[in-house]
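# Working through the structure, step by step
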Amino acid sequence: MLKALALGTILTGTIALVIGSQGSSAGPLAVHAMAVGDARIYWSWPMFAAGTGLSWGIMWLQR
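Not measured: the values here are computed from a predicted model.

### Some words on the overall build of the protein
Helices and strands together make up the secondary structure of the protein, namely two helices and two strands. Reading the protein from its N terminus to its C terminus gives the helix and strand order α-β-β-α. Over its C-alpha atoms, taken along the principal directions, the protein stretches across nearly 40 × 25 × 15 Å. In the protein, which comprises 63 residues, the share counted as buried stands at 24%. Considering only residue pairs separated by 6 or more positions, the protein has 47% of its internal contacts joining residues 24 or more positions apart.

Structure representation (structure tokens):
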């Protein structure tokens, strides 16, 4: 599950960065900018849950 969380984080960060930097919230993906110190990062909890589930499912199928 920890591997799936890491892969879900990478997937979410990559897609949210592309969508959020263009000024879109992508509707149901709910991409929003979060302030972390002096930096702004884009994040989406629904996309994180879906990406983690997808990663976990793919790793489970490879067993």
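### Comments concerning the pairing of strand β2 (residues 39-43)
As paired strands, strand β1 (residues 32-36) and β2 are joined by five bridges and run antiparallel to one another. Across the sheet, the residue bridging to Ala-35 is Arg-40, located in β2. In this structure, the hairpin formed by β1 and β2 is closed by a connection of two residues, where Gly-37 is found at a positive phi of approximately 65 degrees.

### With respect to the confidence of the model for the protein
Close reading of the predicted structure is inappropriate where its pLDDT is low. Here the protein shows a mean pLDDT of 90. Residues at 70 or above account for 100%. For the protein, per-element mean pLDDT is lowest for β1, which scores 89, and highest for helix α2 (residues 45-61), which scores 94.

### Structural notes on the packing of aromatic side chains
Per the counting criterion, the structure on display carries four aromatic pairs. Taken together, a centroid distance of 5.6 Å and an interplanar angle of 75 degrees make the contact between Trp-43 and Trp-45 edge-to-face. A relative accessible area of 11% places Trp-43 in the buried class. Members of the aromatic cluster, joined through ring pairs, are Trp-43, Trp-45 and Phe-48.

What counts, and where the lines are drawn
- Residues numbered from 1 in each chain as written.
- Predicted model: local features only at pLDDT ≥ 70, side-chain atom pairs only at ≥ 80, totals over all residues.
- Heavy atoms only, no water.
- Helix = DSSP H or I, 4+ residues; strand = E, 2+ residues; numbered from the N terminus.
- Buried < 20%, exposed > 50% of the residue type's maximum accessible area, 1.4 Å probe, protein only.
- Contact = heavy atoms within 4.5 Å.
- Pairing = 2+ DSSP bridges.
- pLDDT = per-residue confidence, 0-100.
- Phe/Tyr/Trp six-rings, centres within 6.5 Å; stacked < 30°, edge-to-face > 60°.

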